[in-house]
Amino acid sequence: MNMTIRLTRVLQIVAATFVAATVPVLSQTPAAPTRQVLVTELVVANHILANEGVLDGYGHVSVRSPTDPNRYLLARAGAPGLVTVADITEYDLDSRPMTASAGAGYSERFIHGEIYKARPDVMAVVHCHCPEVIPFGATTVPMRPLYHMGYFIGEGVPVFEIRKAGGTDMLVRTPELGRALAQSLGEKSAVLMRGHGAAVAATSLHLVVGKAYYLNLNARLQMQALQLGGGKVTYLDPGEAKNSPQDYERSWDFWKARLPPRK
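A quick note: this is a predicted structure, and the numbers were derived from the prediction, not measured.

Scanning the chain from N- to C-terminus turns up 8 helices and 7 strands. For the chain, buried positions account for 44% of its 263 residues. Looking at the chain alone, contacts between residues at least 24 apart form 69% of all its contacts between residues at least 6 apart.

Printed below as a string of structure tokens:
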């Protein structure tokens, strides 16, 4: 009798193990955000970038559509700090509006469309006029990672010269200029725009906001260090930069908490 009970238990354990092995394991990867959630996050990103001084009345941030990689979401033209959910417009990668909007689109939306077209890995783009980066786009001094939060600068930050691309008024108003900018960006995280600002690309909305913020902060710190050290500055070496990646989630939470209440 005891032998029969033990055999039965062994068979039950074997059967349970077999069933467990054949049941698909649920992925621990969080589900992709819905369009509604992403639109709300995009509004928050606009407000954060404005509140933290990365954007002023100009500049813009976009995110690739969660349902169609050949489309992206961007606010209609206006001050980023005033963007609402109603302002968000969907564009195709040729930067043609796919949804109705009461206002005009940004004339430089081609920055976003052409970067998305050239870089399938990019999920979000910021175009900013950060004042601290301007001198690095107009001189021969390259941006280098001084601060671990700007680790991505270790990839190199190229400079887009719009004169060579046929631009006349410093603005990226055409697909051709957008493509030239995307080519200058290459596989990097950021590209400076001489006499204008910068474009920043990343694999998520939170990440691109963080990179835009710390690009500007690193530029400020680098100028201070150059002045203080008489040109002798110790930068992060390639290994230190590569080993210092950030997701900026704490920064996002902090910046979001700092936003003024809105009606």
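This model, assessed by the stated rule, comprises 16 salt bridges. Here aspartate 94 makes a salt bridge to lysine 117, at a shortest N to O gap of 2.7 Å. Remark: lysine 117 occurs in helix H3 (residues 110-118) and aspartate 94 occurs in the loop between strand S3 (88-92) and H3; sequence separation between them is 23 residues. Residue classification places aspartate 94 among the partly exposed residues on the basis of a relative accessible area of 37%. Accessibility expressed as a relative area gives 37% for lysine 117, which makes it partly exposed. In this structure, arginine 173 and aspartate 169 form a salt bridge, with 2.7 Å as the shortest nitrogen-oxygen distance. A relative accessible area of 40% means that arginine 173 is categorised as partly exposed. When its relative accessible area of 35% is taken as the criterion, aspartate 169 is described as partly exposed. Several salt bridges share partner residues, and in doing so they unite Asp92, Asp94, Arg96, Glu114, Lys117, Glu176 and Arg179 into one network.

A few words now on the confidence of the model for the chain. Per-residue pLDDT for the chain has a mean of 90; in total, 87% of the residues score no lower than 70. Under a pLDDT of 50 for its full length, residues 13-27 has, in the predicted model, 0 contacts with residues more than four places off or in other chains.

A few words on the environment of glutamine 183. Take glutamine 183: it is sitting in helix H5 (residues 175-185). Using a relative accessible area of 64% as the deciding quantity, one classes glutamine 183 as exposed. Sequence separation between glutamine 183 and arginine 119 is 64 residues; the distance between their C-alpha atoms is 9.9 Å.

In the contact formed by helix H2 (residues 35-51) and helix H8 (residues 249-257), the axes pass within 10 Å of each other and the chain directions differ by 75 degrees. In this view, H2 runs roughly perpendicular relative to H8, as classed from their interaxial angle. In this structure, H2 contributes Glu41, Val44, Ala45 and Ile48 to the contact, and H8 contributes Trp252, Trp255 and Lys256. For the contact of H2 with H8, the residue count by class is 5 nonpolar, no polar and 2 charged.

Grouped together as the largest cluster of nonpolar side chains are 68 residues, with contacts concentrated most on Ile115, Val208 and Leu215. Sorting elements by how many residues they give to this core places helix H6 (residues 205-229) first, with 9 residues. Residues contacting valine 208, with those up to four places away along its chain left out, are Val61, Ala124, Val125, Val126, Val200, Ala201 and Ala202.

Here we come to the pairing of strand S6 (residues 190-193). Of the two faces of S6, both are covered, the one formed by Ala190 and Leu192 as well as the one formed by Val191 and Met193. For the crossover that starts at strand S5 (residues 159-160), traverses H5 and ends in the parallel S6, the hand is right-handed.

Now for H8. Considered for burial, the residues of H8 that qualify are Ser251, Trp252 and Trp255. One side of H8 holds all its buried residues, which, seen down the axis, span an arc of 100 degrees. When the buried face of H8 is taken as reference, the exposed residues oriented beyond 90 degrees from it are Arg250, Asp253 and Ala257. Summarising the contacts, the buried residues of H8 are in contact with H2 and H6.

Calculation rules
- Residues numbered from 1 in each chain as written.
- Predicted model: local features only at pLDDT ≥ 70, side-chain atom pairs only at ≥ 80, totals over all residues.
- Heavy atoms only, no water.
- Helix = DSSP H or I, 4+ residues; strand = E, 2+ residues; numbered from the N terminus.
- Buried < 20%, exposed > 50% of the residue type's maximum accessible area, 1.4 Å probe, protein only.
- Contact = heavy atoms within 4.5 Å.
- Salt bridge = Lys/Arg side-chain N within 4 Å of Asp/Glu carboxyl O.
- pLDDT = per-residue confidence, 0-100.
- Axes fitted to C-alpha atoms, helices over the stretch in contact; angles between N-to-C directions.
- Parallel < 35°, antiparallel > 145°, perpendicular 65-115°, else oblique.
- Nonpolar A, V, L, I, M, F, W, Y, C, P; charged D, E, K, R; others polar.
- Core = buried A, V, L, I, M, F, W, Y, C linked by side-chain atoms within 4.5 Å.
- Right-handed = clockwise from strand over helix to strand, strands pointing away.
- Arc of directions from axis to C-beta.

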